[in-house]
Amino acid sequence: MPPEPVPPEAMPPEAEAAAEQVFTALADPTRRAIVAALAAGGPATATDLAGQLPITRQAIAKHLALLAGAGLVTPEPGERRRVRYRLRSAPMQVAQQFLAALARDWDSPLGALKDHLDRTAHGPATAPTDRTRGHHG
């Protein structure tokens, strides 16, 4: 069950900052591909991910560092000094709460606008008045 949305203006500044970091990190398609690979396959090293994605291990490592900075992945020591990266869901849940609150804030005004437009469109039809009738120019 998803957490109850908190209005964006009521979010603590640190939660809003965390959401911003998540959005910034996920704005890049390569980082989204890395997150998707970790979600599908579980913890992996930069070398493992480079075998799955069309970029170098060095580029993957840079993207993983940014994802770790946003809290989306956690580096874990592995065997033979290899670092495995594990996906963390908590920062995404904070971002999800932020988006849910924005959606809820928009749903009410948009619903009211839709109702108003529906009432206007289905209201009594009024014939346009002909202001030129009876006047010859």
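Structure: above.
Residues numbered from 1 in each chain as written. Predicted model: local features only at pLDDT ≥ 70, side-chain atom pairs only at ≥ 80, totals over all residues. Heavy atoms only, no water.

Undergrad: Lay out the pattern of salt bridges in plain terms, naming residues and giving numbers.
TA: According to the stated counting rule, one finds 3 salt bridges in the structure shown. Salt-bridge contacts for Asp 48 lead to Arg 82; the nearest nitrogen and oxygen are separated by 3.7 Å. Remark: Arg 82 occurs in the loop between strand S1 (73-77) and strand S2 (83-87) and Asp 48 occurs in helix H3 (residues 46-52); sequence separation between them is 34 residues. Residue Asp 48 is classed as partly exposed on the basis of its relative accessible area, which comes to 29%. Arg 82 gets classed as partly exposed once you look at its relative accessible area, which sits at 32%. Residue Arg 84 pairs with Asp 48 through a salt bridge whose shortest N-O separation is 3.8 Å. On the criterion of sequence distance, the pair formed by Arg 84 in strand S2 and Asp 48 in helix H3 is long-range, its members being 36 residues apart. The class of Arg 84 is partly exposed, set by a relative accessible area of 33%. A single salt-bridge network, built from bridges that share partners, covers Asp 48, Arg 82 and Arg 84. (Salt bridge = Lys/Arg side-chain N within 4 Å of Asp/Glu carboxyl O. Helix = DSSP H or I, 4+ residues; strand = E, 2+ residues; numbered from the N terminus. Buried < 20%, exposed > 50% of the residue type's maximum accessible area, 1.4 Å probe, protein only.)

Undergrad: Could you give an account of helix H2 (residues 29-41), naming the residues involved and the relevant values?
TA: Between its terminal C-alpha atoms H2 stretches 18 Å, which fits the 18 Å expected from 13 residues at 1.5 Å a residue. When we look at burial in H2, the residues that qualify are Arg 31, Ile 34, Val 35, Ala 37 and Leu 38. Axial view of H2: buried residues confined to an arc of 160°, hence all on one face. Set apart from the buried face of H2 by more than 90 degrees, the exposed residues are Pro 29, Ala 39 and Ala 40. The N-capping residue of H2, defined by a side-chain oxygen 2.8 Å from the backbone nitrogen of Thr 30, is Asp 28. At the exit of H2 stands Gly 42, carrying a positive phi of roughly 80°. (Expected span 1.5 Å × (residues − 1). Arc of directions from axis to C-beta. Polar contact = N/O pair within 3.5 Å; in protein donor to acceptor, adjacent residues only side chain to side chain.)

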